[in-house]
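# Structure assessment
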Amino acid sequence: MATTKELLEMDLYALLGVESTSTEKQIKKAYRQRALSCHPDKNPDNPKAAELFHQLSQALEVLTDAAAKAAYDKVRAAKKQAEERNRKLDDKRKKIKLDLEARERRAENVKAEEVKITRTLEEEIARLREEGSRELQEQQRLIREQIERERDAHTNTDSSAVQQGSNNVTPKLKLKWKCKKEDESNAGYSHECLQNLFQKYGDVLNILISSKKKGSAVVEFASAKAAELACKNESGLTGNPLKIMWLEGQPVQTTHSENTHTGFGATQSCLRTERDYESVVLMRLRQAEERKRLIEQMKREEEDDTA
């Protein structure tokens, strides 16, 4: 005999071969027909006949009792609702799975397209390297010419610096500005500040800020032209302007007649061509000694001002 749990798992209407709307009379008739066909006495060699006969008997008991039938119908309806929910859930899960697979395929297609684009770019770069880019060669040529022009201009600047004064000193400007003794910021004129102010006129070789006397410094330029422009045009910080004076290397203004007197210009050009390189080397060797002398001079001036 089937247990209660097993009985609830069965479809009793299907077991008897009737509909849920069948009458009690129809249920009993169906039972007699099914029970007669599977009665153990008529099926002595079939061990399952007795089990089926007992199940049919239990189905008849439940479905012919009004209260039992009502309770069974509720359980059966709840079971069908659960099955429907599971079916819908399975359909939703299936749709999610299909959407996920579709997104993965799209992602794979996008990745394949990116790979294709990247491969195309690599092929184009390889082609440029093999064939050589005329535009690149032209730009490199222009860069080389510009470097040569800058090198020539730098050489001419050094040559001009060599011609300044009898001692071949580099041009230097002395700076002064208002600053209180207790002002640790030196009124805003730091090394970086002075560098930014004067480097726009040309190469700045050195900047010496007095550590004892506030509001004083010396700027050394690579060319007299840069120093001259700075001396004429630079005013310093707003509200605390600079007082700029020549310290060394101020260019001598020559007249047209002096430059053209008795072939002087031609002779000077020849001497410059032969001696420029040697003079530049000597000038560079003297710069270190000049800076040392300049520092000593500033110290002496500070000691004199203190006294």
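Provided above is the structure to which this section pertains.
Residues numbered from 1 in each chain as written. Predicted model: local features only at pLDDT ≥ 70, side-chain atom pairs only at ≥ 80, totals over all residues. Heavy atoms only, no water.

## What to know about the overall build of the chain
- A count of helical and extended segments in the chain gives 10 helices and 6 strands.
- Relative to its 307 residues, the chain shows a buried fraction of 27%.
- Here the contacts in the chain between residues at least 6 apart in sequence split such that 67% fall between residues at least 24 apart.
- When the accessible surface of the chain is split by element, carbon and sulfur atoms take 52% of a total near 22100 Å². (Helix = DSSP H or I, 4+ residues; strand = E, 2+ residues; numbered from the N terminus. Buried < 20%, exposed > 50% of the residue type's maximum accessible area, 1.4 Å probe, protein only. Contact = heavy atoms within 4.5 Å. Areas by Shrake-Rupley, 256 points an atom, 1.4 Å probe, with all protein chains shown as cover.)

## Regarding the pattern of salt bridges
- Here the structure, examined in full by the defined rule, presents 13 salt bridges.
- Residue Arg141 pairs with Glu145 through a salt bridge whose shortest N-O separation is 2.4 Å. Residue Arg141 and its partner Glu145 are both found in helix α6 (residues 134-162); the two are separated by 4 residues, about one turn of the helix.
- Note that Glu148 and Arg151 form a salt bridge whose closest N and O atoms lie 3.3 Å from each other. With Glu148 and Arg151 both in helix α6, this residue pair falls 3 residues apart, about one helical turn.
- For Glu148, a relative accessible area of 40% translates into the label partly exposed.
- Salt bridges sharing partners connect three or more residues here, namely Glu84, Arg87 and Asp91. (Salt bridge = Lys/Arg side-chain N within 4 Å of Asp/Glu carboxyl O.)

## Concerning the sheet that holds strand β6 (residues 243-248)
- With antiparallel pairing, 4 strands are arranged side by side in an open sheet as β2-β3-β1-β6. Because the sheet does not close on itself, it has two edges, and the strands there are β2 (204-209) and β6. Ignoring which end each strand starts from, the neighbouring axes of this sheet average 25° apart.
- Strand direction decides the pairing type here: strand β1 (residues 172-176) and β6, joined by 5 bridges, are antiparallel. When the bridges of β6 are listed, Leu173 appears paired with Trp246.
- Against the sheet, helix α7 (residues 191-198) touches β1, β2, β3 (216-221) and β6, its axis set at about 140° to β2.
- Contacting β1, β3 and β6, helix α8 (residues 224-233) runs over the sheet at an angle of about 155° to β6. (Pairing = 2+ DSSP bridges. Axes fitted to C-alpha atoms, helices over the stretch in contact; angles between N-to-C directions.)

## Quick word on α8
- Of the residues making up α8, those classed as buried are Ala224, Ala226, Ala227, Glu228 and Ala230.
- Against the buried residues of α8 lie β1, α7, β3 and β6.

## Examining helix α5 (residues 66-131)
- Under the 1.5 Å per step criterion, the end-to-end length of α5 is 97 Å for 66 residues, consistent within 8% with the ideal 98 Å.
- Close packing links the buried residues of α5 with α2 (12-16) and α4 (47-63).
- Taking the backbone nitrogen of Ala67 as reference, a side-chain oxygen 3.3 Å away marks Asp65 as the first, capping residue of α5. (Expected span 1.5 Å × (residues − 1). Polar contact = N/O pair within 3.5 Å; in protein donor to acceptor, adjacent residues only side chain to side chain.)

## Quick look at the packing of helix α3 (residues 24-37) against α4
- Between α3 and α4, whose axes approach to 10 Å, the crossing angle comes to 175°. On the basis of their axis angle, the class for α3 and α4 is roughly antiparallel. Residue-level inspection shows Ile27, Lys28, Tyr31, Arg34 and Ala35 of α3 in contact with α4, the latter providing Phe53, Leu56, Ser57, Leu60 and Leu63.
- Classifying every residue of the contact of α3 with α4 by side-chain character gives 7 nonpolar, 1 polar and 2 charged. (Parallel < 35°, antiparallel > 145°, perpendicular 65-115°, else oblique. Nonpolar A, V, L, I, M, F, W, Y, C, P; charged D, E, K, R; others polar.)

## Points about the environment of Ser37
- Its place among the elements puts Ser37 in helix α3.
- Its relative accessible area of 47% is what places Ser37 among the partly exposed residues.
- Along the backbone, Ser37 and Ala49 are 12 residues apart, and their C-alpha atoms lie at a distance of 9.0 Å.
- Within the structure, Ser37 has its side chain in polar contact with the backbone oxygen of Arg34 (distance 2.7 Å).

## Description of unusual backbone geometry
- Despite not being glycine, Asn186 has its phi angle at roughly 60°, a positive value.
- Considering the arrangement of structural elements, one finds Asn186 in the loop between β1 and α7.
- In this structure, Ala187 is a non-glycine residue whose phi angle is positive, near 60°.
- Relative to the helices and strands, Ala187 resides in the loop between β1 and α7.

## Let's talk about the environment of Lys79
- Of note, Lys79 is situated in helix α5.
- Judged by relative accessible area, which is 32%, Lys79 ranks as partly exposed.
- Expressed as a C-alpha distance, the spacing of Lys79 and Leu8, which sit 71 residues apart in the sequence, is 9.8 Å.
- Lys79 has contacts with Leu8 and Glu9, leaving out every residue within four places of it along the chain.
- From its side chain, Lys79 meets the backbone oxygen of Glu9 in a polar contact 3.2 Å long.

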